[in-house]
Amino acid sequence: MNDNPVKPLSIYDLDLVQLQERVVDWGEPSYRALQIWQGVYKQLWSSPVGFTSLSKGLRQRLDAEFSLWNMRPEISKTSLDKNTVKTLFRLGDEKAIETVLMRYNKRNTLCISSQAGCGMGCVFCATGQMGLKRNLTSGEIVEQVVYYARILKASGESITNVVVMGMGEPFHNYDATLHALDRLNDKDGFNLGARRLTISTVGLVPAIRRFASEGRQYNLAVSLHAAEDELRSSLLPINKKYPLNELLAACRDYVEQTRRRITFEWALILDVNDSMEQAQILASKLKGLLCHVNVIPLNPTPQYRGTGTTRQRAEIFRDELAHHGIPCTVRLRRGIEIQAGCGQLAIQV
Ligand code: SAH
Ligand code: SF4
């Protein structure tokens, strides 16, 4: 279960039932597990020293068997306006991942990684350009959140939203990602509401269908970026395997099954996918679907020649969608000077 080479076992890799089994194996009553769980996810303790409600013997056992701090923050950068903070973590096997905190509109949204690198090869994405190094364990996904939650707690704040939009394709690491979100959502623990958790996928159709059938309440975002197969395949190679008609059919079924709105992501690339015509084709394909489109000017990356669209063209694109009844928001590029785009810090080290 724990393929992170750092020993002892990361406590964040366990769910409550697994922790209870451990505690019972140690000859302790199972309610002790809940006390540990709350120390980890409510009090956010980073060392067994904090667990004063436990006996000294149990604290020592906890210390010997579990690690509460597995990832090393190596670089942290704060944007000029102080609203975006990005951290590069070194994992136990020296792989690097990134986590970004974005503070705006009274929200503290954390953008977390699901894999080190990514195997999907989207041409404009810094993470895609580095290839897949490995899947993260559920504990490594959870710990990114716990790390930032501790920092915010020190100033009386908390994480209000989590988006799985950092490095990696979460549906390519389905089980670990969903287990991690379940852990963050747990009422007895971190207790972040399901509606505050969002998964973004490049469009792995079988996983979208599986997600729809499982009845979890997390939000779903799908990275679209083009409304025609030829263009989309040239940007997102996975489109050759799951073309737009299959993808959008799965999205329609998701909305029908869950009654939940779906979000589409669209990185606007100057003179590539920012035309009025693309907006019109997109609008026709999304007609009648309960959805929202987020457009964001592309963040330039080293191995891709395209550049972000202008503010004015982004607004024209948005207005064209709105004209056809498709709600759309233009997102700002946050933290551009600290390489806050997906994978952009890791590619430099
Ligand atoms: N793999 C998932 C989640 C991580 S990428 C996915 O693709 O959805 C999160 C979002 O950032 C995606 O919408 C992705 O297309 C977008 N993205 C990647 N590189 C970008 C860049 N250089 N500029 C703007 N958005 C980018
Ligand atoms: Fe992977 Fe998402 Fe980047 Fe595509 S955009 S390479 S799926 S992280």
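For the structure itself, look to the data block above.
Asker: I'd like a description of the overall build of the protein, backed by residues and values.
Answerer: Of the regular secondary structure elements, the protein holds 11 helices and 14 strands. On C-alpha atoms alone, the protein measures out to a radius of gyration of 21 Å, which is about the 20 Å that the 2.2 N^0.38 rule sets for 349 residues. Overall, the protein is about 70 × 40 × 35 Å in size when its C-alpha atoms are taken along their principal axes. Within the protein, counting contacts between residues at least 6 apart in sequence, those at least 24 apart form 67% of the total. In the structure as shown, the protein presents an accessible area of about 15100 Å², 49% of it carried by carbon and sulfur atoms.

Asker: Which residues make up the side chain of aspartate 274, and what values do they have?
Answerer: Structurally, aspartate 274 is set in the loop between strand 12 (262–268) and helix 10 (276–286). A polar atom in the side chain of aspartate 274 sits 2.7 Å from the side chain of arginine 313. Setting aside residues no more than four positions away along its own chain, aspartate 274 makes contact with Leu268, Ile269, Thr309, Arg313 and Phe317.

Asker: Tell me about the pairing of strand 6 (residues 107–111), residues and numbers included.
Answerer: Most of strand 6 sits out of view: four of its five residues are buried. Note that strand 5 (residues 96–104) and strand 6 share five bridges and pair antiparallel. The residue bridging arginine 103 from the neighbouring strand is asparagine 108, located in strand 6. Taking the residues that link successive antiparallel strands as the turn, the strand 5-strand 6 hairpin has two residues, and the phi of asparagine 105 there is positive, at about 50 degrees.

Asker: Can you lay out the side chain of serine 79 for me, pointing to particular residues and giving the numbers?
Answerer: With respect to the element layout, serine 79 can be found in the loop between strand 3 (72–78) and strand 4 (84–90). You can call serine 79 buried: its relative accessible area is 3%. Within the local environment of serine 79, its side chain forms a polar contact with the side chain of aspartate 81, the two groups lying 2.7 Å apart.

Asker: Account for a negative patch on the surface, with residues named and values stated.
Answerer: Among the surface-exposed residues, Glu228, Asp229, Glu230 and Glu277 lie close enough to one another that they form a single negatively charged patch. By the element assignment, glutamate 228 lies in the loop between strand 11 (219–223) and helix 8 (229–235). Overall, the relative accessible area of 34% leaves glutamate 228 in the partly exposed class.

The rules we used
In this numbering scheme, every chain counts its residues from 1 along its sequence in written order. Ligands are numbered from 1 and chains lettered from A, in the order in which they are written. In keeping with the predicted nature of the model, local features appear solely for residues at pLDDT of at least 70, side-chain atom pairs appear and are counted solely at 80 or more, and the whole-chain, interface and lining totals rest on all residues. Values shown for side chains rest on all heavy atoms present in the structure; no hydrogens or waters enter the calculation. Here a helix means four or more residues in a row that DSSP labels H or I, a strand means two or more in a row labelled E, and each is numbered from the N terminus. This radius of gyration counts C-alpha atoms alone. The globule rule is 2.2 Å times how many residues there are, raised to the power 0.38. Two residues form a contact once any of their heavy atoms are found within 4.5 Å. Exposure was quantified through the Shrake-Rupley algorithm and a 1.4 Å probe, taking into account, for residues, occlusion by the shown protein chains and nothing else. Polar contacts, as used here, are pairs of N or O atoms within 3.5 Å; protein pairs need one atom able to donate a hydrogen and one able to accept it. Residues neighboring in sequence count only if both atoms are side-chain atoms. Under the scheme applied here, a residue whose accessible area is under 20% of the maximum for its type counts as buried, over 50% as exposed, and between as partly exposed, the area being computed with a 1.4 Å probe on protein chains only. For two strands to be treated as a pair, DSSP must find at least two bridges joining them. In this analysis, a patch consists of residues with relative accessible area above 30% that form no salt bridge, clustered at 9 Å for like charges and at 5 Å for the nonpolar side chains Val, Leu, Ile, Met, Phe, Trp and Tyr. We define a salt bridge as a side-chain nitrogen of Lys or Arg found within 4 Å of a carboxyl oxygen belonging to Asp or Glu. Note on charges: Lys and Arg go in the positive column, Asp and Glu in the negative column, and His and the chain ends are not counted at all. Charge placement uses NZ in Lys and CZ in Arg. For Asp and Glu, CG and CD serve respectively.

Purely spatial values, then, with no claim about function.
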